[in-house]
Amino acid sequence: MAYDVVVIGAGPGGYVCAIRAAQLGMKVAVVEKRKTLGGTCLNIGCIPSKALLYASEMFEEAGHGLGALGVVVAPPKLDLRAMMKHKDDTVAANVNGVAFLFKKNKIDWLQGEGRITAPGHVVVVGADGAETTHEAKAIVIATGSDVARLPGIEIDERQIVSSTGALSLAKPPRSLIVVGAGVIGLELGSVWRRLGAEVTVVEFLDRILPGMDGEVGKQTQRLLEKQGFTFHLSHKVAAVEKSQNGVKATIEPAAGGAARTLEAEVVLVAIGRRPYTQGLGLEALGVATERGQVLIDNHFATNVATVYAIGDVVRGPMLAHKAEDEGMALAEILAGQAGHVNYDVIPGVVYTSPEIASVGSSEEELKAAGIAYAVGKFPFTANGRARAMRHTDGFVKVLADAASDRVLGVHIVGFGAGEMIHEAAVLMEFGGSAEDLARTCHAHPTMSEAVKEAALAVAKRAIHV
């Protein structure tokens with residue numbers, strides 16, 4: 001079969017690229033080996049984890065947060081089977097939605113594993129081993145990423161689990177060791193902490209949430225410690241041993257020193273993700289890679305004609321929405337339009353409680369670049385809506401260029417931060433200033449007023465603090 005575009009991988013980058021290409025009049029096929037569409041994100045990543053994060057947050061709220069509001073309830077009882085059904089139903093609704101969109105846009109789903117045998121040629125190997133060959137004017141690699149593993153530590157998805165196994169534990173563990181203090185580890189650690197686990201986090205670096213603004217990381221660590229998290233920073237996991245009663249992890253100071261043993265029922269390995277390009281035939285084809293990533297130019301093209309790549313397999317943050325934007329941009333480029341992604345304005349969200357959201361540069365990045373900047377901060381303790389909802393943890397921080405006042409970064413720790421960050425993203429897309437944000441009328445009472453107040457604080461004229 002001949003196509004204009006064949007996309008390998010049906011995750012957020014791949015399926016969005018396919019849909020946009022079909023909208024633009026191209027004949028499109030997507031190669032996907034799973035029995036469902038949506039990739040890691042919809043099946044075993046973003047969507048199921050957020051379902052469990054929300055459900056566990058409601059469980060904790062029912063047990064600890066409603067009495068002060070005059071809502072008296074009996075101690076809540078956990079029905080983990082029902083909670084997991086909620087997760088599974090959420091996943092099914094999303095993946096079925098993508099399947100519907102494929103039919104609506106007349107996109108062919110080639111179920112199986114894809115291999116690029118030559119420019120313009122893709123072989124698909126089905127579950128029965130049968131091979132079919134397809135021609136394409138453009139081939140898009142959108143195969144995403146896989147969990148990174150610790151050498152010598154075998155993940156069995158029961159006692160030693162990855163993010164996949166942590167989404168489907170049969171019961172809440174009494175204790176959980178999380179290896180890695182990044183987004184995935186803190187989110188899934190939050191789920192099981194709320195459901196009864198004692199959570200200990202081991203991180204090789206001297207801080208949590210590496211890559212995010214340093215003040216955000218420090219504040220978040222304090223809040224998580226108040227919730228019951230224990231952190232061992234600047235430590236590495238040297239070994240993990242299983243027993244009938246649980247798991248023993250040997251940890252050592254990163255700078256050297258005496259080792260010690262931590263015991264838990266389950267260990268979650270959450271040290272990040274790595275690009276997944278296994279079986280694509282890239283080496284034989286001559287596609288250039290570096291540290292596992294597929295190298296591309298500014299138009300997502302590899303060094304091999306007609307072969308492109310987007311999402312987690314290429315440079316940039318491993319975020320579903322980044323992959324989606326790249327998929328749309330590439331489809332438009334293939335159609336002769338001017339697709340573009342602004343990598344300076346890609347928000348990131350951590351769905352702990354409270355949430356953390358950032359867009360643009362951190363203070364550390366601005367200092368390293370030698371850029372003079374002004375800071376405006378506003379705490380949620382001074383926000384009326386936050387007080388009314390008893391969600392006063394956190395703050396908003398606005399970073400603006402000292403000379404031009406252009407907003408360079410916004411960082412939020414607080415309830416609903418993931419929703420509030422987008423007004424900052426829109427402002428930054430249009431090159432807006434802190435003054436522009438400060439003079440934009442915000443409804444009262446809302447959490448978003450804290451964003452306006454932080455913008456006012458850049459010029460030291462916040463009203464409510």
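Residues numbered from 1 in each chain as written. Predicted model: local features only at pLDDT ≥ 70, side-chain atom pairs only at ≥ 80, totals over all residues. Heavy atoms only, no water.

I keep staring at the overall build of the protein chain and nothing clicks. Help me out?
A tally of regular secondary structure across the protein chain gives 14 helices and 24 strands. A compact globule built from 465 residues should have a C-alpha radius of gyration of about 23 Å, and the protein chain, at 23 Å, falls within 12% of that. Expressed as a percentage of the 465 residues in the protein chain, the buried residues total 51%. Sequence separation of at least 24 residues holds for 62% of the intrachain contacts in the protein chain that already meet a minimum separation of 6. Summed over its atoms, the accessible surface of the protein chain is roughly 21,500 Å², and 52% of this surface lies on carbon and sulfur atoms. Averaged over its 45 positive side-chain charges, the protein chain has a centre that lies 4 Å from the centre of its 51 negative ones. (Helix = DSSP H or I, 4+ residues; strand = E, 2+ residues; numbered from the N terminus. Rg over C-alpha atoms; globule rule 2.2 N^0.38 Å. Buried < 20%, exposed > 50% of the residue type's maximum accessible area, 1.4 Å probe, protein only. Contact = heavy atoms within 4.5 Å. Areas by Shrake-Rupley, 256 points an atom, 1.4 Å probe, with all protein chains shown as cover. Lys, Arg positive; Asp, Glu negative; His and termini not counted. Charge placed at Lys NZ, Arg CZ, Asp CG, Glu CD.)

Even after reading the chapter, I still don't get the layout of surface pockets, so can you show me in this structure?
To locate leftover empty space, one rolls a probe as large as a water molecule over the atoms. Its boundaries defined by the atoms lining it, the second largest pocket holds a volume of some 620 Å³. Lining of the second largest pocket is provided by 19 residues; of these, Glu-60, Ser-353, Arg-390, His-391 and Asp-393 occupy positions nearest its centre. Among the elements of the structure, helix H3 (46-65) and helix H7 (214-227) are those that each provide at least two residues to the lining of the second largest pocket. In terms of residue count, the dominant contributor to the lining of the second largest pocket is H3 (5 residues). Partitioning the lining of the second largest pocket into residue classes produces 6 nonpolar, 6 polar and 7 charged. (1 Å grid on protein atoms, 1.4 Å probe; cavity = no way out; pocket = protein on both sides within 12 Å on 5 of 7 lines; lining within 4 Å. Points joined across faces, edges and corners; volume = space filled by probe spheres on them. Nonpolar A, V, L, I, M, F, W, Y, C, P; charged D, E, K, R; others polar.)

Help me out: how do you make sense of the sheet that holds strand S13 (residues 246-253) in this one?
Two orientations exist for strands paired in a sheet by backbone hydrogen bonds: parallel and antiparallel. With antiparallel pairing, the 3 strands of this open sheet are ordered in space as S12-S13-S14. Strands at the two margins of the open sheet, each flanked by one partner only, are strand S12 (235-243) and strand S14 (260-264). Recorded for the sheet is a direction-independent mean angle of 25° between the axes of neighbouring strands. Here S12 pairs with S13 via 8 bridges, running antiparallel. Note that in S13 the partner of Glu-241 across the bridge is Lys-248. (Pairing = 2+ DSSP bridges. Axes fitted to C-alpha atoms, helices over the stretch in contact; angles between N-to-C directions.)

Teacher, can you tell me more about the sheet that holds strand S20 (residues 348-350) here?
Spatial strand order, S20-S21-S24-S23-S22: 5 strands in an open sheet with antiparallel pairing. Edge positions in the sheet fall to S20 and strand S22 (373-379), since each has one partner strand and no second. Neighbour to neighbour, the strand axes of the sheet diverge by 10° on average, direction disregarded. Of the pairings in the sheet, the one linking S22 to strand S23 (residues 395-401) comprises 7 bridges and is antiparallel in character. From the neighbouring strand, Ala-374 faces S23, where its bridge partner is Ala-400. Docked against the sheet, helix H12 (residues 417-429) engages S20, strand S21 (355-360) and strand S24 (407-414), running at close to 10° with respect to S21.

Got a minute to help me understand the packing of H3 against helix H6 (residues 183-194) in this structure?
The packing of two helices is summarised by the inter-axis angle and the distance between the axes. Where H3 meets H6, the axes come as close as 9 Å, and the angle between the chain directions of the two elements is 35°. Remark: the crossing between H3 and H6 carries left-handed chirality. Residues Ser-49, Lys-50, Leu-52, Leu-53, Ser-56, Glu-57, Phe-59 and Glu-60 of H3 form the contact with H6, whose own contacting residues are Glu-187, Leu-188, Ser-190, Val-191, Arg-193 and Arg-194. Partitioning the contact of H3 with H6 into residue classes produces 5 nonpolar, 3 polar and 6 charged. (Left-handed = near helix turned anticlockwise from the far one by under 90°.)

Quick question: what am I supposed to make of a nonpolar patch on the surface here?
The grouping of Leu-69, Val-71 and Val-73 at the surface amounts to a nonpolar patch, some 230 Å² of accessible area in total. Looking at the element boundaries, Val-71 is found in the loop between H3 and helix H4 (80-104). (Patch = residues over 30% accessible without salt bridge, like charges linked within 9 Å, V, L, I, M, F, W, Y side chains within 5 Å. Salt bridge = Lys/Arg side-chain N within 4 Å of Asp/Glu carboxyl O.)

Would you take a moment to explain H12 for this structure?
Because an α-helix packs 3.6 residues into every turn, residues spaced three or four apart end up facing the same way. Between the first and last C-alpha of H12 there are 19 Å, a value that for 13 residues agrees with the 18 Å anticipated at 1.5 Å per step. Three or more residues of H12 are buried, namely Ala-417, Gly-418, Met-420, Ile-421, Ala-424, Ala-425, Leu-427 and Met-428. Contacts from the buried residues of H12 go to S20, S21, S24, helix H13 (434-438) and helix H14 (449-458). Looking one or two residues past H12, Gly-431 carries a phi angle of roughly 70°, positive in sign. (Expected span 1.5 Å × (residues − 1).)

Sorry, what's going on with the pattern of salt bridges here?
Two side chains carrying opposite charge are able to pair once their charged atoms lie near each other. Tallied over the full model, the rule gives 19 salt bridges. For Lys-171, the salt bridge goes to Glu-265, with nearest N and O atoms at 2.3 Å. In this pair, Lys-171 is assigned in the loop between helix H5 (163-166) and strand S9 (175-179) and Glu-265 in the loop between S14 and strand S15 (266-269), connecting sequence segments 94 residues apart. Lys-171 gets classed as partly exposed once you look at its relative accessible area, which sits at 45%. Several salt bridges converge on common partners, so that one network encompasses Asp-213, Glu-215, Glu-363, Lys-377 and Lys-397.

Which parts of the structure should I look at to understand empty space enclosed by the protein?
The tally for this structure, following the rule as stated, stands at 1 cavity of 30 Å³ or more. Volume-wise, the largest cavity comes out at about 50 Å³. Around the largest cavity, the lining residues are Val-147, Ser-162, Ser-163, Ile-184, Leu-268, Val-269, Ala-270, Gly-272 and Arg-273. For the lining of the largest cavity, the class distribution of residues is 5 nonpolar, 3 polar and 1 charged.

So what exactly am I meant to see when it comes to helix H1 (residues 12-23) here?
Over its 12 residues, H1 extends 16 Å from the first C-alpha to the last, a length consistent with the 16 Å expected when each residue adds 1.5 Å. With 11 of 12 residues buried, H1 lies mostly within the body of the structure. What H1 keeps buried is the set Pro-12, Gly-13, Gly-14, Tyr-15, Val-16, Cys-17, Ala-18, Ile-19, Arg-20, Ala-21 and Ala-22. Looking at the packing, one finds that the buried side of H1 touches strand S1 (2-8), strand S2 (28-32), helix H2 (39-44), H4, strand S6 (131-141) and helix H9 (320-334).

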